[in-house]
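What follows is each chain in one-letter form.
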Amino acid sequence: MDRNEFISILRGTLQGEIPDSAVEEHVEYYYHYISEEIGKGKSEAQVMELLGDPRLIARTIIDTAGTDGYGKTSRTYTESAQTYQKGFHAQENEEGGVDVRFGRLKLNTWYGKLVVIAVIVLVMVLIFTIVGGILSLVLPILIPVLVIVFVVRMLTDRR
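Now for a description of the structure that goes with this document.

Conventions and cut-offs
Residues numbered from 1 in each chain as written. Predicted model: local features only at pLDDT ≥ 70, side-chain atom pairs only at ≥ 80, totals over all residues. Heavy atoms only, no water. Helix = DSSP H or I, 4+ residues; strand = E, 2+ residues; numbered from the N terminus. Buried < 20%, exposed > 50% of the residue type's maximum accessible area, 1.4 Å probe, protein only. Contact = heavy atoms within 4.5 Å. Core = buried A, V, L, I, M, F, W, Y, C linked by side-chain atoms within 4.5 Å.

Within the chain one finds six helices and three strands. For the chain, the succession of helices and strands along the chain, N to C, is α-α-α-α-α-β-β-β-α. Buried positions account for 25% of the 159 residues belonging to the chain. Counted over contacts in the chain with a minimum sequence separation of 6, partners at least 24 positions apart contribute 48%.

Shown next as C-alpha cells:
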C-alpha cells in the first residue's frame, strides 16, 4: 500500500462517520506524518508498515470522536448527529464502491450485515411464535374436522 492509497482508505472510512472538518484534520495529520517520516530517511513502505491498517486507525478515530475522554459527548459530534441524514441511502466512497447506510449504520460492513441478520431472525421468531400460538388453538379443532371429512369422502367414494 502506498501513501495515496492509505490516505484514500482513511478518508473513505471516516467520511459520514465524523464531521467533514474532522476528517480533513485527520487526513492532513497522517499525510504530514508520512511525509515527515519519509523525510527522516524511512521508506514509504516502512512508514506504511508502522502505521498499519488505515481502517483500524479510522475505527479508533470514529470510536473516540464522540467523547472528550471522560464519556461526555463533544459539540462537533452532537452537531454531526443532528445533521446526519436518516433512513436508507447509498453514498459513493473514495474507492469507487458504494456504502449502503441506514442512518449511521453502514449495511455493507460485517457489523451492518450482522444487525440485518439479527433483525430478520427476530422477526421470523416473532412470526413463528404467533403462528405457533394460533396453530395450537386451531389444531385441536382442525384435526377432528379433517378426519371426519376424510372418513366421509372415503365412505362416499366406496358407493
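Before going further, it helps to examine the nonpolar core. Among the nonpolar cores identified, the biggest contains 17 residues, and Phe6, Leu10, Leu14, Tyr30 and Leu51 are the most heavily contacted of them. It is helix H2 (residues 20-39) that contributes the most residues to this core, five residues altogether. If near-sequence neighbours (up to four positions away) are discounted, Tyr30 is found in contact with Phe6, Ile7, Leu10, Leu51, Ile57 and Ile61.

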